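One-letter residues, chain by chain:
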Amino acid sequence: MKDFLVVVDMQKDFVDGALGSAEAVSIVPAAVKKIKQFTGDIFVTFDTHFVNYMETAEGHKLPVPHCIRNTEGWQLNNEVAVALAQKPYTPVEKLTFGSVDLPGLIKEKAGTEPFRIQLIGLCTDICVVSNVLLTKAFCPEIDITVDASCCAGVTPQTHEAALTTMKSCQITVIGEDK
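This text gives an overview of the structure that appears in the document. (Residues numbered from 1 in each chain as written. Predicted model: local features only at pLDDT ≥ 70, side-chain atom pairs only at ≥ 80, totals over all residues. Heavy atoms only, no water.)

The next thing to look at is the environment of Ala-161. Relative to the helices and strands, Ala-161 is located in helix α7 (residues 156–168). Considering only alpha carbons, one finds Ala-161 and Lys-2, 159 residues apart in sequence, at a separation of 30 Å. (Helix = DSSP H or I, 4+ residues; strand = E, 2+ residues; numbered from the N terminus.)

Considering the arrangement of structural elements, one finds Asp-9 in the loop between β1 (2–8) and α1 (12–15). Relative accessible area serves as the criterion here: at 0%, Asp-9 is assigned to the buried category. Between the C-alpha atom of Asp-9 and that of Phe-46, which follows or precedes it by 37 residues, the distance is 5.1 Å. Each residue touching Asp-9, except ones within four places of it in the same chain, is listed here: Phe-14, Thr-45, Phe-46, Asp-47, Lys-94, Leu-122 and Cys-127. At 3.2 Å, the side chain of Asp-9 and the backbone nitrogen of Asp-47 are in polar contact. (Buried < 20%, exposed > 50% of the residue type's maximum accessible area, 1.4 Å probe, protein only. Contact = heavy atoms within 4.5 Å. Polar contact = N/O pair within 3.5 Å; in protein donor to acceptor, adjacent residues only side chain to side chain.)

Under the counting rule described, the total for this entry stands at zero disulfides. Cys-127 takes part in no disulfide bond, and the closest cysteine sulfur to it belongs to Cys-123, at a distance of 6.6 Å. For Cys-127, a relative accessible area of 5% translates into the label buried. (Disulfide = S-S within 2.5 Å.)

Glancing now at the sheet that holds strand β5 (residues 143–152). Here we have six strands laid out as an open sheet, ordered β3-β2-β1-β4-β5-β6, and parallel in their pairing. On the outer flanks of this sheet lie β3 (89–94) and β6 (172–174), each paired with one strand and no other. Taken pair by pair, the neighbouring strands of this sheet meet at an average axis angle of 25 degrees, ignoring direction. Pairing between strand β4 (residues 115–122) and β5: six bridges, direction parallel. (Pairing = 2+ DSSP bridges. Axes fitted to C-alpha atoms, helices over the stretch in contact; angles between N-to-C directions.)

Another point: α7. If you check α7, its first and last C-alpha atoms are 19 Å apart, about what 13 residues at 1.5 Å a residue would give, namely 18 Å. Of all the residues in α7, the buried ones are His-159, Ala-162, Leu-163 and Met-166. Angular distribution of buried residues about the axis of α7 spans 100 degrees; they occupy a single face of the element. Seen from the buried face of α7, the exposed residues on the opposite side, beyond 90 degrees, are Gln-157 and Ser-168. Where α7 is buried, its residues touch α6 (124–138), β5 and β6. (Expected span 1.5 Å × (residues − 1). Arc of directions from axis to C-beta.)

Don't take any of this as a statement about function, it's just geometry.
What follows is the structure, given as structure tokens:
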């Protein structure tokens, strides 16, 4: 059985930058520990925008420039980057909440072996849930788990709502007693 860990958008702008929060900062140690202890293959998503962000559909609805490619805010949180530097991983840039490429990349890496996927990261209620549901749609028979202790939402309430939504879609949620 192959194990995959997807680290969703643990970038500076989501941890303590333009869209950061105390909740996001608080999950960094648990995410670092999870990365260090993980023995399978790792994928890391990067929310990626460009200098024209404010002219995009997302920019009109969320007028906060963030994760502009090759800026400091686009980079991984320093502690997460250090943990990942010790392991090989596949970076996946995504231009919106969920990556349509991620499920196919995981399936390609698995080859003919059975596999399971665990996701952690930010924000539970936007990018984590989007990637979980895209992956579940692409791989409906695969065991997908989200570690809530390594996730944070825009607010604690929307974090909980996203966890409830994922459970409704047959996703296993662990780590709720953080």
